[in-house]
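Fold and contact review
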Number of protein chains: 2
Amino acid sequence: MTGAVRPTSRDVARAAGVSQATVSLVLGGKWRGRVSERTASAVRATADELGYRPNLAARSLRLGRTRTALLVVPALTNEYFARLYSGAAGVAAEHGFGVVLYPSPEGVGPARDPFGSARAAIDGVIASSMAADALAGIGDVGRDGGLPLVMLDSDPSAPQGPPTVNLAVGDGIRQVTRHLLDLGHRRFAHLAADVDTWTFRVRAEAVAAELAGVPGAVLTSERCALDVAAARAAAGRALDGPGPRPTALLCDGDVLAAGACKAVRGLGLRVPDDVSVSGFDDLSLASALDPELTSVRLPAEEVGSAGMRALLELLDGGTPRPSELPVELVVRGSTARPARRRP
Amino acid sequence: MTGAVRPTSRDVARAAGVSQATVSLVLGGKWRGRVSERTASAVRATADELGYRPNLAARSLRLGRTRTALLVVPALTNEYFARLYSGAAGVAAEHGFGVVLYPSPEGVGPARDPFGSARAAIDGVIASSMAADALAGIGDVGRDGGLPLVMLDSDPSAPQGPPTVNLAVGDGIRQVTRHLLDLGHRRFAHLAADVDTWTFRVRAEAVAAELAGVPGAVLTSERCALDVAAARAAAGRALDGPGPRPTALLCDGDVLAAGACKAVRGLGLRVPDDVSVSGFDDLSLASALDPELTSVRLPAEEVGSAGMRALLELLDGGTPRPSELPVELVVRGSTARPARRRP
DNA sequence: CTGTTAGCGCTTTCAC
DNA sequence: GTGAAAGCGCTAACAG
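Residues numbered from 1 in each chain as written. Chains lettered and ligands numbered in written order. Predicted model: local features only at pLDDT ≥ 70, side-chain atom pairs only at ≥ 80, totals over all residues. Heavy atoms only, no water.

- In the nomenclature of an unreviewed UniProt entry, chain A is known as Transcriptional regulator, LacI family of Actinacidiphila rubida.

Structure follows, in structure tokens:
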């Protein structure tokens, strides 16, 4: 039980009877033909024995890079982002990179400076589903000479904007809408997330566009915060508004759909017999509800890994091309043919 | 649009016509009575103008501390851990610390080395709800001379173990059990998470202990993985087993309770009329379901902030006392008096 | 009040 | 094949 200070590479060198440079070479794995096999294994043995771990701060300082990426997400309450992280971390690990998660405290507002809170030194940033100006708080990100940036699930159309990796959310909404139309629905209400981000704007536009060409289709829309209670209230308004009652509630997310289901039942109606409800995201929540939600599955891991790959390319001086990943409609029990109107 | 290299404190010093030390003093906020007000503001102005940001790697190297803590959690799919993070990050920020999240990839298995993946240099570790040996993979953590460690929601009884901050999970289970007993239930099934951690062991023991003294009370138990489908299957077994059918399903978590509700309905029974179902954790899922779940609310933020405070005390050379935070039963629609047995 | 200096632990030429 | 030395950007003694 000695003082147990953390050994430095110098300590290892001394203990092994070699120079610090040799230790660095051996432990860095770049000693082929520069250090003898015997010396190398001796160094590894002593390093092991002393419990040596390189000082990351020193290494970063010397190399000028940290081999760490920051993943900025709007919230952690959603397993989509957990899967995003897995995908990104997997690819990162293959390249000797780490990923640090930074949940933007404001959810959709401007991110606070991660140098203040997730104060890790980082080489680049991956930001997902952020509001337009949400990265303003993060110094220099994406700007010329600033930190390299890749945006996920964000507006790809900015001319000089950062590289993007996107989901085909518009297509997802279109698939849901088609599915409901095919079932025979004509009176739709869109339960829209009241969040000013690209991903939700696209959804609203896609519903409207898809329904625009359908004779007899009517669409109302209610905006609400991204929680069950707000969704329930909004769905209540949609169902009890003036005009004929919608037979399909198309929701921007599974959480909203959960609220919508409660609203339907609150009015003494049934899902899906009286009103069909569709979700989006296909979280585990979609299968936890009864009936299970028809929803749109998002390839979260793939988005994460593609995002990380794009960032690595960026760090390599390349120019990653924007990409869009397909999404898939999952039909479950919450949607059905509309009931015949009773007299 | 010049080359735009990141300015160093030396660049700021040169531009402001002062020495590097003065810049450090001013920007470090410790110049009272050592640098003139005029010089100070001049330095700040140039730093601002050049867009200077201190190099954290250099600072860490110099100080020997990173002012960063690692928060190890078993999974991110759960908003409990999001709230834990908020609590910890809040206290950390007040002390100029950052928090880096590390989702242990294995969930409940041994954590992989965060120096490899979340490779941030850190001063200490807060680990929540981990299996006994789950931290073995993280070099040196908690060991003598190693990284300071605080455990949350973990066995506090180890004699030489790390400081702990715990939830009164046993008491929570006791409250649920009492609630169900008061409603008149006597035939219980415990839907237990098949995860070998302290928190779940305590739950199992608490149900058994509370029911042990009640005449006529019977308890069966089913173990299952922490997901809806597994819970549904397990609840099915509990409801359809030999012997009289339980009237109350006491679940180790809201996710399990969701599966249990589906199982009840799958048998043509109703919640809560035929079978009462209780959850635990009080996630937003509890209010998303219909009927809403009776559950136990956990003060996640407080656990996070208390954990961070304990770690700070540890870093200060102190010895934080183990603490236990109270939990609260939230009665909602999923529990009711048992139906009279029909002939 | 301000400047000079040393050194944190590491990697990387360059010389032997 | 191996060692010596320089320097990444920062802070904290110490001198002036």
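Don't stop here, the text continues.
**A look at the sheet that holds strand E6 (residues 187-193) of chain B**
Residues and elements named next belong to chain B.
- Pairing within the open sheet is parallel, and its four strands lie in the order E7-E6-E8-E9. Each edge of the open sheet is held by one strand with a lone partner, namely strand E7 (218-224) and strand E9 (276-278). Each adjacent strand pair in this sheet contributes to an overall mean axis angle of 20 degrees, direction not counted.
- Here E6 pairs with strand E8 (residues 248-251) via four bridges, running parallel. Paired with Ala189 across the two strands is Leu249, which belongs to E8.
- Relative to the sheet, helix H6 (residues 169-183) contacts E6, E8 and E9, its axis offset from that of E8 by approximately 170 degrees. (Pairing = 2+ DSSP bridges. Helix = DSSP H or I, 4+ residues; strand = E, 2+ residues; numbered from the N terminus. Axes fitted to C-alpha atoms, helices over the stretch in contact; angles between N-to-C directions. Contact = heavy atoms within 4.5 Å.)

**As for the side chain of Thr68(A)**
Residue and element names in this part refer to chain A.
- If you trace the backbone, Thr68 turns up in strand E1 (residues 68-73).
- Residue Thr68 is classed as buried on the basis of its relative accessible area, which comes to 3%.
- Of note is the side chain of Thr68, whose polar atom sits 3.2 Å from the backbone oxygen of Thr66. (Buried < 20%, exposed > 50% of the residue type's maximum accessible area, 1.4 Å probe, protein only. Polar contact = N/O pair within 3.5 Å; in protein donor to acceptor, adjacent residues only side chain to side chain.)

**Focus: the protein's contact with DNA strand D**
- Around DNA strand D, 25 residues are found, and the nearest of them are Arg34(A), Ser36(A), Ser9(B), Tyr52(B) and Arg62(B).
- In DNA strand D, the atoms that sit within 4 Å of the protein are 64% sugar and phosphate, with bases accounting for the remainder.
- Between a phosphate oxygen of DNA strand D and a side-chain N or O atom of Thr22(A), the distance comes to 3.1 Å.
- Ser9(B) places a polar main-chain atom, nitrogen or oxygen, 2.4 Å from a phosphate oxygen of DNA strand D.
- Of all the elements in the fold, those that place two or more residues in the surface near DNA strand D are helix H2 (20-27) and helix H4 (56-63) of chain A together with helix H2 (20-27) and helix H4 (56-63) of chain B.
- No other element matches the four residues that H4(B) contributes to the surface near DNA strand D. (Near = heavy atom within 4 Å.)

**Overview of unusual backbone geometry**
- Going from Asp290(A) to Pro291(A), the amide bond is cis rather than trans, its omega being 5 degrees.
- Among the structural elements, Pro291(A) can be located in the loop between helix H10 (284-288) and strand E10 (295-297).
- Residue Pro272(B) is bonded to the preceding Val271(B) through a cis peptide linkage, with omega at 5 degrees.
- Along the chain, Pro272(B) turns up in the loop between helix H9 (254-266) and E9.
- Notably, Arg67(A) is not glycine yet its phi reads approximately 55 degrees, a positive angle.
- A positive phi angle, near 110 degrees, is found at Asp281(B), a position not held by glycine.
- Turning to its location among the elements, Asp281(B) is positioned in the loop between E9 and helix H10 (284-288).
- Since its relative accessible area comes to 13%, Asp281(B) is described here as buried.

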